[in-house]
Amino acid sequence: MTDRYQQFATSGLGRKIVKQLGLPAPVPLRRRRPGKPDLAGTVLVGAAEGGRLDKAVTDVLAGADVEVRSEPAEERHRALIFDATGVKHSTQLRAVYEFFHPVIRRVDTCGRVIVLGTPPEDADDPREAAAQRGLEGFVKSVGKEAGRGVTANLVYVAPGAENGIGSTLRFLASHRSAYVSGQPVRITPAEIPDSDPERPLEGQTALVTGAARGIGAVIAEVLAGYGAEVVCLDIPAAGGDLARVANQIGGSALQLDITGADAPRIIAQHLTSRHDGLDIMVHNAGITRDKTLGRMSEQQWESVIDVNLASQERIDDVLLGEDVLNDGGRIVSVSSISGIAGNAGQTNYATSKAAVAGRVVSLAPAMRERNG
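Residues numbered from 1 in each chain as written. Predicted model: local features only at pLDDT ≥ 70, side-chain atom pairs only at ≥ 80, totals over all residues. Heavy atoms only, no water.

(A) Highlighting the layout of surface pockets. There is about 550 Å³ of room inside the second largest pocket. Where the lining of the second largest pocket is concerned, the elements lending two or more residues are helix 7 (214–225), strand 8 (229–234), helix 10 (298–321) and helix 12 (347–369). Its residues assigned to classes, the lining of the second largest pocket comprises ten nonpolar, ten polar and five charged. (1 Å grid on protein atoms, 1.4 Å probe; cavity = no way out; pocket = protein on both sides within 12 Å on 5 of 7 lines; lining within 4 Å. Points joined across faces, edges and corners; volume = space filled by probe spheres on them. Helix = DSSP H or I, 4+ residues; strand = E, 2+ residues; numbered from the N terminus. Nonpolar A, V, L, I, M, F, W, Y, C, P; charged D, E, K, R; others polar.)

(B) Molecular detail of the side chain of N284. Of note, N284 is situated in the loop between strand 10 (278–283) and helix 10. Of the residues examined, N284 reaches a relative accessible area of 11% and is grouped as buried. For N284, the side chain forms a polar contact with the main-chain oxygen of G210, separated by 3.1 Å. Setting aside anything within four residues of it in sequence, one finds N284 in contact with V208, T209, G210, I215, G216, I219 and V334. (Buried < 20%, exposed > 50% of the residue type's maximum accessible area, 1.4 Å probe, protein only. Polar contact = N/O pair within 3.5 Å; in protein donor to acceptor, adjacent residues only side chain to side chain. Contact = heavy atoms within 4.5 Å.)

(C) Just the environment of L320, in detail. By secondary structure assignment, the location of L320 is in helix 10. A residue is classified by how much of its surface remains accessible, and L320, at 18% relative accessible area, is buried.

(D) Region of interest: unusual backbone geometry. If you check the backbone angles, C110 has positive phi at about 60 degrees while not being a glycine. Structurally, C110 can be placed in strand 4 (residues 107–117). Owing to a relative accessible area of 2%, C110 belongs among the buried residues under this scheme. At R148, a residue that is not glycine, the phi angle is positive and equals roughly 55 degrees. The residue R148 is located in the loop between helix 5 (126–146) and strand 5 (151–157) in this model.

(E) Summary view of the packing of helix 9 (residues 263–274) against helix 10. Where helix 9 contacts helix 10, the axes come no closer than 9 Å and their chain directions differ by 40 degrees. Judged by the inter-axis angle, helix 9 sits oblique to helix 10. Here helix 9 runs over helix 10; the crossing is right-handed. Within the contact between the two elements, helix 9 uses P264, R265, I267, A268 and L271 and helix 10 uses R314, I315, V318 and L319. Along the lines of polarity and charge, the residues of the contact of helix 9 with helix 10 split into seven nonpolar, no polar and two charged. (Axes fitted to C-alpha atoms, helices over the stretch in contact; angles between N-to-C directions. Parallel < 35°, antiparallel > 145°, perpendicular 65-115°, else oblique. Left-handed = near helix turned anticlockwise from the far one by under 90°.)

(F) Up close: the sheet that holds strand 10. With respect to topology, five strands assemble into an open sheet ordered 9-8-7-10-11, the strand pairing being parallel. Two strands close off the open sheet at either side, each with one partner strand: strand 9 (252–255) and strand 11 (325–333). Averaged over all pairs of adjacent strands, the angle between their axes in this sheet comes to 20 degrees, without regard to strand direction. Sheet analysis places strand 7 (residues 205–209) next to strand 10, joined by three bridges and oriented parallel. (Pairing = 2+ DSSP bridges.)

(G) Just the packing of aromatic side chains, in detail. Counted according to the given criterion, the structure contains four aromatic pairs. Note on F82 and F100: the rings are 6.0 Å apart at their centroids and 65 degrees apart in plane angle, and the pair reads as edge-to-face. Note that F82 is positioned in strand 3 (residues 77–83) and F100 in helix 4 (residues 94–100), a separation of 18 residues in sequence. A residue is classified by how much of its surface remains accessible, and F82, at 2% relative accessible area, is buried. Using a relative accessible area of 3% as the deciding quantity, one classes F100 as buried. With a centroid separation of 4.8 Å and an interplanar angle of 85 degrees, the aromatic rings of F99 and F100 are classed as edge-to-face. (Phe/Tyr/Trp six-rings, centres within 6.5 Å; stacked < 30°, edge-to-face > 60°.)

(H) Structural view of the pairing of strand 10. Counting buried residues in strand 10 gives six out of six residues, a clear majority hidden from the surface. Pairing of strand 10 with strand 11 involves five bridges; the strand directions are parallel. Bridge pairing in strand 11 places I280 opposite R330. In this view, the connection linking strand 10 to its parallel neighbour strand 11 by way of helix 10 has right-handed handedness. (Right-handed = clockwise from strand over helix to strand, strands pointing away.)

(I) Representation of the pattern of salt bridges in the model. A full pass over the atoms with the stated rule returns 16 salt bridges. The partner of R244 in a salt bridge is D241, and the shortest N-O contact between them spans 2.2 Å. Of the two residues, R244 and D241 are both situated in helix 8 (residues 239–249); the distance of three residues between them amounts to about one turn of the helix. D241 gets classed as partly exposed once you look at its relative accessible area, which sits at 27%. Each of E67, R69 and E75 takes part in a single network of salt bridges with overlapping partners. (Salt bridge = Lys/Arg side-chain N within 4 Å of Asp/Glu carboxyl O.)

(J) Looking closely at the sheet that holds strand 4. One open sheet accounts for six strands, arranged 2-1-3-4-5-6; its pairing is parallel. Here the strands that pair on one side only, and so sit at the sheet edges, are strand 2 (65–69) and strand 6 (184–187). The average angle at which neighbouring strand axes cross in this sheet is 25 degrees, direction not considered. In the sheet, strand 4 pairs with strand 5 via six bridges, with the strands oriented parallel.

What follows is the structure, encoded as structure tokens:
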């Protein structure tokens, strides 16, 4: 989709008008380009005393096209990475300030700020837990202050998971994460299979619901680009668009209404008869039926809850209960800012999306037992 405001604001006349009126000046974000390095330039790395991730960070960056510095460089930095796992109490938070204060204004346009910490729930005492939880406020604020397309993210690395930070760190430091900012990401110990960073999903099967258009179509395209064999699923009425998406990415199409009583069984049979089970389940399908609560019909409420939430539960019951989802598999559920902040006229939609987020959290322990 063309961003007309960005086109105007970055034109000669537009820049003058935007500056005079004090309007927002959008920055064209650097995005991943096939054949181009995901991460290039100077990366400044630092750590609080007693941090436990220095070697892990160095090992990850050693495989990238970057120049790693431990002291600030004269040129702008492509990324700033700080290991804060050594922060054990509030006074030691000063180490975060001391690292970022001199260099935060020298991050390159569309640069990256990454802080590594210890999950507060894994802290040795309340003082450490409080200090580590404080990193979230720091990172979210930096993400809003930095501007110029700079992102800031926090990675909580559990003890024992030090060697598992590779894919997360590469993603957050790269152009792939252009729209991801202010997020706390958790990494726990798990078996990490070797994979090609450019095609990490080679040999895996992914199923994407609502894949005929919009976000679902793009998710299918991205997964296919990373090497996955993608099964694109959508309702029969969208069959034409679904076939086009599947053909464009070299995947297959499955026309199905996921709210149907037999939908979970059809999906399971399809994946076991035509594929070696499933490795990635992406629950993207969703609908809106917007009305204020006093004017919302029972059907409008029920249909949104059924498509956006209950269908996921029924499908996953079969995928997990019958081991259709392979060991080490992934379940990805698409939520919405409406589920976090609410939205007038969307009590049904916001309820379903908040529930999706809660469902993901509750499923995590069971998925960890499956190395997923």
